[in-house]
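# Chain and residue survey
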Amino acid sequence: MARDDFTKPTKNQAYQRVAGRCSNPACRATTSAPVGNDDFSNVGVGAHIHAASPGGPRYLAAMTADDRRGFGNIIWLCQTCSTIIDRDPDAYPAETLKKWKSSAEASALMEQGKRLPDQKDIYRMAAMAMGNRTPGFYPEAIGNVHKALVDQMEAVDPRFTVSTAYSGGNTTITLSARETVSFSIKVGSESAEAWRKGLQAAIDDGREATLPLDGVVFEGSKLFDVLHNDADLASITIMPAARPAVLKIFAPQTAPAIFESVAGQLTAGRKQIRFSGSGCGGLLDVEIIYSQTSGDGVHSRLTLTTNLKAWQGKEAANPPYLDALTNLLEAILDPSAAISFAMEVDGNHAAAGKFQNPKHIEEIAETLVFTHYVRRARNVLRYLGQSPPIDIFASISADDYRALARVSDIVEGKLSYQRSQITASPTMRIACADGGESLMRIVRKGEFSTLQLKEPASLVTIYGKEYEVPPTTSYYSPVKLHILSRKKKKEVIDFRLQIEMADNFTSQTFFDVQH
């Protein structure tokens, strides 16, 4: 069937009514441009809103041929947008295209006789908004916006210093009093319980308290009116005054000795003083609470937690703070290791104490198991010249862990044993393709000799991904072999052997390919 195409005058009319621009409001690209001295190129298309023939996008059988090729059925688009609307007609129905067309015509009418903004205009407008009237490049633009807001707010009440921050779509405004400021807070019933608990935590325990602003009225400073009424704040956080402090952890009698520093802050409430800090690159969170006991005594309670998420995505061949964290956790779980700590504020000694075993000892033991996995993964990946990201959420089976531990021991040269380390006579299976004649000759001699066992290349799974490791050769010497059973399987004989070890027995396993 013939297509109901547009005539040239209809296409020119559509082009002119949108000033030669694509009608897609998200595009608005100019479709015509000069070529050479007297020619031009056109990347625009007079596209059909309802298809020109049956089977086409948005085809409407009820339309007449004149309607299909008439001006009411044409929309001017660039070639890219024309292709997009026809490939996905469900996402771009006729109603949407008609709105594009009328909107593009309205925009062309408003733009007629007016200069369109260029890139410099955008910079100029941004500069004016940021308090800078000089055209040019503005690397300080964001700082200017924050400074303007701070200056405006501090002018409302000079008794406060103001700082601002913007992150993750949220604006944070921090107020700090330059002097003692008296004000009152009236809290409605809908927020009363949350404020009671929050203020108690802030005043008595020296903790931060984030509180809702529903039904809350501040009196005593116009600055509160500006924030509460104009800024439409969702919550307020009360932060007790804090001082930088350093917690030093000592275990000099361990091997290796432990001397770790944890940077944090010290806050004080009416009933307790609290240190909160982070060490080992964020893998370790420490909190110490000092509270007064009967008389003049002081009780300290230390809480230590690990945060393995700090490893997520880091290089598996070089996990930060792995050795430091492993050494500390091993010392914590060692009842013979006397761990102590000292607190310093401004470089001066403030407090000291003994490290008590934490209540969540099982969690620390599980973390230590994982650090051993991370260490073994590091050893193997370095040997293989690989460094994928650490994935703390990867599933690790017991078989995968045992296989990784064996490969790591080979890399470190630790897969070796002495006679005194083996309590039972080991057994092994060997498949012989020559009918077992060479093996039988060795067994019949009944002499101690060196047994060499080769194993092919194998796969080891690390953080859910498989890696190939080279073939291995194991040496067992001196040993005698005793046949326990034999079974023929097709062209090979499967022998089950018992290994008798001499008193000076040793075994060692190596990779056949040395890195």
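Preceding this section is the structure that the text describes.
These numbers were taken from a predicted model, which means no experiment stands behind them. (Residues numbered from 1 in each chain as written. Predicted model: local features only at pLDDT ≥ 70, side-chain atom pairs only at ≥ 80, totals over all residues. Heavy atoms only, no water.)

Along the backbone of the protein chain there are 12 helices and 24 strands. For the protein chain, whose C-alpha radius of gyration is 39 Å, the value lies well above the compact-globule estimate of 24 Å for 515 residues. Taken along its principal axes, the extent of the C-alpha atoms in the protein chain is 105 × 90 × 50 Å. Considering only contacts within the protein chain whose residues lie at least 6 apart along the sequence, 61% involve residues at least 24 apart. Carbon and sulfur atoms form 51% of the exposed surface of the protein chain, whose accessible area is close to 30,700 Å². One way to put it: in the protein chain the 57 positive side-chain charges average out to a point 4 Å from where the 58 negative ones average out. (Helix = DSSP H or I, 4+ residues; strand = E, 2+ residues; numbered from the N terminus. Rg over C-alpha atoms; globule rule 2.2 N^0.38 Å. Contact = heavy atoms within 4.5 Å. Areas by Shrake-Rupley, 256 points an atom, 1.4 Å probe, with all protein chains shown as cover. Lys, Arg positive; Asp, Glu negative; His and termini not counted. Charge placed at Lys NZ, Arg CZ, Asp CG, Glu CD.)

Okay, a nonpolar patch on the surface next. A surface patch of nonpolar side chains, amounting to about 210 Å² of accessible area, comprises Phe183, Ile185 and Val187. Locating Ile185 in the fold gives a position in strand β7 (residues 184-187). The exposure class of Ile185 is partly exposed, given its relative accessible area of 32%. (Patch = residues over 30% accessible without salt bridge, like charges linked within 9 Å, V, L, I, M, F, W, Y side chains within 5 Å. Salt bridge = Lys/Arg side-chain N within 4 Å of Asp/Glu carboxyl O. Buried < 20%, exposed > 50% of the residue type's maximum accessible area, 1.4 Å probe, protein only.)

Bringing the packing of aromatic side chains into the picture now. The way to describe two aromatic rings as a pair is by their centre distance and the angle between their planes. As enumerated under the stated definition, the model contains 10 aromatic pairs in all. Among the aromatic residues, those joined into a ring-pair cluster are Trp311, Phe370, Tyr373, Tyr401 and Tyr463. Above the ring of Phe71, the side-chain terminus of Lys101 is found at 3.9 Å from the ring centroid. (Phe/Tyr/Trp six-rings, centres within 6.5 Å; stacked < 30°, edge-to-face > 60°. Lys NZ or Arg CZ within 6 Å of the ring centre and 35° of its normal.)

Right, let's talk about the pairing of strand β1 (residues 32-35) for a bit. Two faces belong to every sheet, and in a regular strand the side chains alternate between them. As judged from the 4 bridges shared by β1 and strand β2 (residues 39-42), these two strands associate in the antiparallel manner. Residue pairing across strands places Val35 opposite Asp39, the latter belonging to β2. Adjacent in sequence and paired antiparallel, β1 and β2 are bridged by 3 residues, among which Gly36 carries a positive phi angle near 65°. (Pairing = 2+ DSSP bridges.)

A few words now on the sheet that holds strand β15 (residues 298-306). Here we have 7 strands laid out as an open sheet, ordered β15-β14-β13-β12-β11-β16-β17, and antiparallel in their pairing. Two strands close off the open sheet at either side, each with one partner strand: β15 and β17 (348-354). Between one strand axis and the next, the sheet turns through 25° on average, direction left out of account. Here helix α9 (residues 322-333) sits on the sheet in contact with β11 (242-251), β12 (258-268), β14 (284-292) and β15, set at roughly 85° to β12. (Axes fitted to C-alpha atoms, helices over the stretch in contact; angles between N-to-C directions.)

It is worth spelling out the pairing of strand β23 (residues 472-489) at this point. Looking at chain direction, strand β20 (residues 449-455) and β23 are connected through 6 bridges and run antiparallel. Residue pairing for β23: Leu451 is matched across the bridge by Tyr476. Examined bridge by bridge, β23 and strand β24 (residues 492-511) share 16 bridges and lie antiparallel to one another. Residue pairing across strands places Ile483 opposite Leu497, the latter belonging to β24. Linking two consecutive strands that pair antiparallel, namely β23 and β24, is a turn of 2 residues; a positive phi of about 55° is found at Lys490 within it.

Further remarks concern the nonpolar core. Membership of the largest hydrophobic core comes to 58 residues, with the highest contact counts inside it found for Leu247, Ile288, Trp311, Met343, Ile462 and Tyr463. The element best represented in this core is helix α10 (residues 361-384), accounting for 10 residues. When near neighbours in sequence (up to four residues on either side) are disregarded, Tyr463 contacts Ala316, Phe370, Tyr373, Val374, Ala377, Pro389, Ile390, Asp391 and Ala394. If you look at the next biggest cluster of nonpolar residues, it comprises 17 residues, including Leu439, Leu481, Ile499 and Met501. (Core = buried A, V, L, I, M, F, W, Y, C linked by side-chain atoms within 4.5 Å.)

Okay, the environment of Glu260 next. Tracing the backbone shows Glu260 in strand β12. Given a relative accessible area of 18%, Glu260 falls into the buried group. Measuring from C-alpha to C-alpha, the distance between Glu260 and Cys280 comes to 8.2 Å, with 20 residues separating the pair along the chain. With residues near it in sequence (within four places) discarded, Glu260 still touches Leu247, Lys248, Ile249, Cys280 and Ala324.

Right, let's get into the side chain of Glu105. Among the structural elements, Glu105 can be located in helix α4 (residues 94-111). By relative accessible area, which is 18% here, Glu105 ends up buried. Sequence-distant contacts of Glu105, that is, excluding residues within four places in its chain, are made with Arg17, Val18 and Phe71.

Turning to unusual backbone geometry, a few remarks are in order. Residues Ser477 and Pro478 are joined by a peptide bond in cis, for which omega reads -15°. For Pro478, the position within the fold is in strand β23. With a phi angle near 55°, Arg28 is a residue other than glycine that sits in the positive phi range. Turning to its location among the elements, Arg28 is positioned in the loop between α1 (8-17) and β1.

As for its placement among the helices and strands, Gly220 is situated in the loop between β9 (216-219) and α8 (222-230). For the pair formed by Gly220 and Gly113, sequence separation is 107 residues and the distance between their alpha carbons is 55 Å. Beyond its immediate stretch of four places on either side in the chain, Gly220 contacts Arg159, Ser182 and Phe183.

Between its first and last C-alpha atoms helix α11 (residues 398-411) spans 20 Å; for 14 residues at 1.5 Å apiece the expected length is 20 Å, and the two agree. Turning to α11, its buried residues number three or more, namely Tyr401, Leu404, Ala405, Val407, Ser408 and Ile410. Positive backbone phi, approximately 70°, marks Gly413, located one or two places after α11. (Expected span 1.5 Å × (residues − 1).)

A few words now on the packing of α9 against α10. Closest axis-to-axis distance for the α9/α10 pair is 10 Å, and the angle between their directions is 145°. Judged by the sense of rotation from one axis to the other, the crossing of α9 with α10 is left-handed. Residues Leu322, Asp323, Leu325, Thr326, Leu329, Glu330, Ile332 and Leu333 of α9 touch α10, and the partners they reach there are Ile361, Ile364, Ala365, Thr367, Leu368, Thr371, His372, Val374, Arg375 and Arg378. (Left-handed = near helix turned anticlockwise from the far one by under 90°.)

Within the structure shown, the criterion is met by 25 salt bridges. Of the charged contacts in the structure, one is a salt bridge between Glu193 and Arg196, with a shortest N-O distance of 2.7 Å. Of the two residues, Glu193 and Arg196 both sit in helix α7 (residues 192-205), 3 residues apart, roughly one turn of that helix. Put simply, Glu412 and Arg375 hold a salt bridge, and the shortest N to O gap is 3.4 Å. With a gap of 37 residues between them, Glu412 in the loop between α11 and β18 (416-418) and Arg375 in helix α10 connect regions that are remote in the sequence. Salt bridges sharing partners connect three or more residues here, namely Asp4, Asp66, Arg68 and Arg69.

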